[in-house]
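Architecture at a glance
If you want the building blocks of each chain, they are given just below.
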Amino acid sequence: MRGWKRMDEDRAESTVPSCVSLKSDQSKYELIDFRSSDKIERGEHILSNWDQSAPPGESSCSQSGSRSGDAEMKPKQRGDLQEVIEGHKISLKRRCEHVTEGTNGAGSGTLLNKIYTELYITEGQSEEVDTQHEVRQLERTSKKNIQDTPIKCQDIFKVLSEQQRHIRVVLTNGVAGVGKTFSVQKFSLDWAEGLENQDISLLSWITSRPAAAYQIPPSCVDRITEVRGFTDSQKEEYFRRRFSDDDLSKRIISHIKASRSLHIMCLIPVFCWITAIVLEDMMTRDQRGKLPKTLTDLYSHFLMVQIKRKKQKYGGKQRTEELTKTDKRLLLKLGRLAFEHLEKGNIMFYSEDLEQCGLDVSEVSVYSGVCTEIFKRESVIFQKSVYCFVHLSIQEFLAAVYMFHRYTRKDTAVINKFLKYSKPNPFSRITWLFTNYDPVTSLDDFLRRALMESLKSKNGHLDLFVRFLHGLSLESNQRILGGLLDQMENHPETIQKVLNNVKEVNSDEISPDRSINIFHCLMEMKDQSVHQEIQEFLKSGKKSKRRLSEIHCSALAYLLQMSEEVLDELNLQQYNTSEEGRRRLIPAVRNCRKAKLSDSVLSKSHWEVVASAMTSNPSHLRELSLSWNKSLTDAGVKLLSSAMMHPNCRLETLRLWCCSLSQISCDSLGSALRSNPSHLRVLELSGNQLKDPAVKLLCGVLQDPLCKLETLRSVRDDPVLSEV
């Protein structure tokens, strides 16, 4: 028998301090010294991040003995060990066989085997830390061709080739709510029931969100896997397993397929759970005509369903759809907690954090239907109770509800702090130029500033929050929330002003990836005009005739990037738009074979998008033309050269005419050409007026046996080294 230790940080109520959680996502930008006891004692930066779909309840860690394959073990010792193992199996089965979705509380609720749907799990992880919001990561993941060979949950610890050593420690990685904890629980249950992996007596399996996973040295684990969530067929299987009523499951599946945003989000099992709760409630009340099509709509209904469930459970004189003053107070306090810590990047909280927002710990813990479904107690880390929302998106929604409520109450202190407003200092001209001195005067002004504030974020941590904020401006969503927000009589002219502001946002200094969220804000306000116009534009096939605005370009970049069909060529100059509009199109490079980004003024954020296109899995890009890009700095060339060395990169042709390349840039290109494997066959460098040292450097690269380059054209104005 193999004897391995299991460390699953996603369980709660453990009496043993666990070094496997994070209070803040900010840690993704910091390096961790795993040998430093001082950070571990403070509980700030630990081995693994938090899985937000994790259950509260008991720890299901399997810790029962040591290596049991010792040939010298006496019969009595073997018997004693076997007795311990069998006792542990009984205990583990009792804890794992039932789950409560959402809070996933082990030991109660639904039978795990009844609802468990096989997840798409692969070996390895992407090389790049994705700093975009996890919803954006999902949008990209949703259209990836499934080329990797999946691993079944029960095979996680099995050696798949002769070259691999024994698998003793596995790191399972994936975005929040994607099913990491359920996988651990299913594995444990199968073992406890004697169905799988009976040669294991102890198990070490760490689950982590991607940002934290990159901080763990590879030498610390034997295998890295990634839970990708549900494939399309697995989504449908989930809903069929969840509902015994075939007709109901078919109607729910049909509705999800009809809404692209809902269908993408259903990659995450916890989102499938949220969707199932809402659609089941609405369809059984025959409200099919009002089914949610936006995320704000869906989450507003979800919140009210949880309130209704609480009232049905505990009774009361008021109607189940009505909010009491106590309901409102608690939800707004939770909203304050959600917002204040979302701004800081915190996803886990301590009791003192709750108290600072006026929340009573015991009230939060027992408020069934709201707190057990929306907010939950996490594991006891370092003898301190830790709390979190069931999923980051729940935190983002409640944060938006709180902020919108503060706006309706004209709470200038909170609003001004969020929007970085401060009173003018007449003695400082510099401060005057760079500080916002105008107080918020209207809804359109408030939302415009909130959007601009969100776009400043480097990692998009306010993206979904600001989408929800725009969605909550609609009276239809305010009505769903049943008095939680002071319903505003927004005149059509006011809403139109909001829409116009969104369409006219200048994001020239913002990453083009981030600019796509501007388009999503329109969609949350149920404005389909831009989406429809771009659909018509794509059908017409006349790229150069129709004038495109910047918001059109953001929408087009999103649709091209998400298309199942790989674009043959993306040529920015073919589109009739402004320079900013062309820059907003750059994310579409991820889904094309040939990209012409010539004669453009691009910044570091644009080169980062191009580099990510070169390293994506799979990468479709084969030819890249960046000619006449005077803004291509040494740092930009180094970034692209590093991307060429990535194992996913399949670039064959790179054109860099007239880019004012320096010797430093040539050195970076040389390193890429020497890399193994390098797929680059054609490199065009004409018009760069390279000096002799740079030319000699490239000559040396051509002699390297690892260099597979076939054509290096016009290094100078004369045909030196041409047609090598």
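Computed from a predicted model, the values in this text were never measured in an experiment. (Residues numbered from 1 in each chain as written. Predicted model: local features only at pLDDT ≥ 70, side-chain atom pairs only at ≥ 80, totals over all residues. Heavy atoms only, no water.)

**Some words on the overall build of the protein chain**
Note the following rule: Working definition: helices are DSSP H or I runs of at least four residues, strands are E runs of at least two. Numbering for both runs from the N terminus. Remark: exposure states derive from per-residue accessible area (1.4 Å probe, protein chains only) relative to the maximum for the residue type, with buried under 20%, exposed over 50%, and partly exposed in between. Residue exposure ignores everything except the shown protein chains as possible cover, and the areas themselves are Shrake-Rupley values with a 1.4 Å probe.
The secondary structure content of the protein chain amounts to 30 helices and 17 strands. In the protein chain, which comprises 724 residues, the share counted as buried stands at 57%. Summed over its atoms, the accessible surface of the protein chain is roughly 31,100 Å², and 50% of this surface lies on carbon and sulfur atoms.

**Remarks on the packing of aromatic side chains**
What counts, and what does not: Two rings from Phe, Tyr or Trp (for Trp, the six-membered ring) form a pair when their centres sit within 6.5 Å of each other. Planes less than 30 degrees apart are called stacked, planes more than 60 degrees apart edge-to-face, and all others tilted. Whether a charge sits over a ring depends on NZ of Lys or CZ of Arg being within 6 Å of the ring centre and within 35 degrees of the ring normal.
Per the stated rule, a full pass over the model turns up 18 aromatic pairs. Ring geometry for F397 versus F468: centroids 5.2 Å apart, planes at 80 degrees, classification edge-to-face. Placement of the pair is F397 in helix α16 (residues 392-408) and F468 in helix α20 (residues 463-471), with a sequence separation of 71 residues. Taking relative accessible area as the criterion, F397 reaches 2% and is therefore assigned buried. Where F537 meets Y575, the ring centres are 6.4 Å apart and the plane angle is 40 degrees; that geometry is what we call tilted. Of this pair, F537 sits in helix α24 (residues 529-540) while Y575 sits in the loop between β12 (567-571) and α26 (579-584); the two residues are 38 residues apart in sequence, bridging distant segments of the chain. You can call Y575 buried: its relative accessible area is 4%. K89 extends its terminal NZ or CZ atom over the ring of W191, reaching a point 5.2 Å from the ring centre.

**Digging into the sheet that holds strand β13 (residues 592-596)**
The following threshold applies: DSSP calls a pair of strands paired once it identifies at least 2 bridges connecting them. A fitted line through C-alpha atoms represents every axis, and for helices the fit uses only the stretch in contact; the resulting angles, taken between N-to-C directions, go from 0 to 180 degrees.
Read from one edge of the open sheet, six strands run β12-β13-β14-β15-β16-β17, paired in parallel fashion. Each edge of the open sheet carries a strand with a single partner, namely β12 and β17 (711-713). Adjacent strand axes in the sheet meet at a mean angle of 10 degrees, parallel and antiparallel pairs treated alike. Summarising the sheet, β13 and strand β14 (residues 623-625) pair through three bridges and their orientation is parallel. Paired with K594 across the bridge in β14 is E623.

**Some remarks on unusual backbone geometry**
The backbone of K410 shows a phi angle near 55 degrees, a positive value even though the residue is not glycine. Relative to the helices and strands, K410 resides in the loop between α16 and α17 (412-418). On the basis of relative accessible area, K410 is assigned to the exposed category, the value being 52%. A positive phi angle, close to 55 degrees, is found at D599, a residue other than glycine.

**Comments concerning the confidence of the model for the protein chain**
Spelled out, the test is: On a range of 0 to 100, pLDDT expresses the predictor's confidence in each residue. The contact criterion used throughout is that any non-hydrogen atoms of two residues lie within 4.5 Å.
Chain-level statistics for the protein chain give a pLDDT mean of 78 and a share of 74% at 70 or above. Low pLDDT (under 50) marks residues 424-435, which in the prediction has seven contacts with non-local residues, meaning those over four places away or in another chain.

**Side note on the pattern of salt bridges**
For clarity, the threshold we go by: One side-chain nitrogen of Lys or Arg within 4 Å of one carboxyl oxygen of Asp or Glu is enough to make a salt bridge.
For the structure on display, the rule yields 31 salt bridges. Two residues, R448 and D445, come together in a salt bridge whose shortest N-O distance is 2.8 Å. Placement of the pair is R448 and D445 together in helix α19 (residues 443-455), with a separation of three residues, close to one helical turn. Looking at R448, the relative accessible area reads 35%, which means it is partly exposed. According to the relative accessible area criterion, D445 is buried, its value standing at 10%. For D527, the salt bridge identified is with K503, shortest N-O distance 3.7 Å. With D527 in the loop between α23 (512-524) and α24 and K503 in helix α22 (residues 492-503), this residue pair connects regions lying 24 residues apart in the sequence. Overall, the relative accessible area of 11% leaves D527 in the buried class.

**Focus on the pairing of strand β5 (residues 169-173)**
Among the five residues that make up β5, five are buried, leaving the element largely enclosed by the rest of the structure. Side-chain alternation along β5 places V169, L171 and N173 on one buried face and V170 and T172 on a second face that is also buried. Where β5 meets strand β8 (residues 223-229), four bridges bridge the pair, whose relative direction is parallel. Each residue of the ladder has a partner; that of L171, found in β8, is I224.

**Notes on the environment of R593**
For R593, the location among the structural elements is in strand β13. A relative accessible area of 38% places R593 in the partly exposed class. In sequence terms R593 and L570 are 23 residues apart; their C-alpha atoms lie 8.1 Å from each other. Once residues lying within four places of it in the same chain are set aside, the contact partners of R593 are V566, L567, D568, H620, L621, R622 and E623.

**Concerning the side chain of R228**
Put simply, the rule is: N or O atoms within 3.5 Å of each other form a polar contact, as long as, within protein, one can give a hydrogen and the other can take it, and as long as residues adjacent in sequence are counted only when both atoms are side-chain atoms.
Within the secondary structure, R228 sits in strand β8. In terms of polar contacts, R228 uses its side chain to reach the side chain of T122, at 3.4 Å.

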